[in-house]
Amino acid sequence: MNDQERPQDLTVNRQEETLEIVWADGHRSIYPLAGIRNVCPCAECRGGHEAMSQPVERAALFERPDRTWQLSSAFLVGHYALGIEWADGHDSGIYTWTFLRDLCPCDECEAARAGAPEIYSA
Ligand SMILES: [Zn+2]
Ligand SMILES: [Zn+2]
């Protein structure tokens, strides 16, 4: 992991239901909380240990659930990851910085992923 993949600042916005991370390189990622829960990387949510090596479905990050997910606390796991405890008590998801950075839903990252620079904006 390089130093860019470290958060400098981390904010949970309970009103907007987002998790915002400002990375050491100044990049800003804003994730919908529900999406973060959808992509919970723990064995239970991923459907077993074998499934944990599979990449997550990025689409899941944008799925709106029929309920809201309240986050009760977020905590650091060593130097490499974020742990999240949800209001329903679920706390086994360990979100590594690399995982979160790879998931960044901002336009810039989406464009980079699509492999095409943005030429037109609507
Ligand atoms: Zn989970
Ligand atoms: Zn981004």
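See the structure printed just above.
Residues numbered from 1 in each chain as written. Chains lettered and ligands numbered in written order. Predicted model: local features only at pLDDT ≥ 70, side-chain atom pairs only at ≥ 80, totals over all residues.

## Section: the nonpolar core
Side chains of a nonpolar character, in soluble globular proteins, are inclined to be buried together. Core analysis: the largest hydrophobic core is formed by twelve residues, namely Leu19, Ile21, Trp23, Tyr31, Leu33, Ile36, Val39, Cys40, Leu82, Ile84, Tyr95 and Leu100. Elements that contribute at least two residues to this core include exactly strand 2 (18-23), helix 1 (33-38) and strand 5 (81-86). The element best represented in this core is strand 2, accounting for three residues. With sequence-adjacent residues up to four places away left out, valine 39 is seen in contact with Val56, Ala60, Leu61 and Leu103. (Core = buried A, V, L, I, M, F, W, Y, C linked by C-beta atoms within 7 Å. Buried ≥ 20, exposed ≤ 12 C-beta atoms within 10 Å, placed from the backbone. Helix = DSSP H or I, 4+ residues; strand = E, 2+ residues; numbered from the N terminus. Contact = placed C-beta atoms within 7 Å.)

## Quick word on the pairing of strand 3 (residues 28-32)
Looking along a regular strand, one sees side chains alternate from face to face of the sheet. Summarising the sheet, strand 2 and strand 3 pair through five bridges and their orientation is antiparallel. Bridge pairing links threonine 18 to proline 32 in strand 3. Hairpin connection between strand 2 and strand 3: a loop of four residues separates the two successive antiparallel strands, and glycine 26 in this loop has a positive phi of roughly 90 degrees. (Pairing = 2+ DSSP bridges.)

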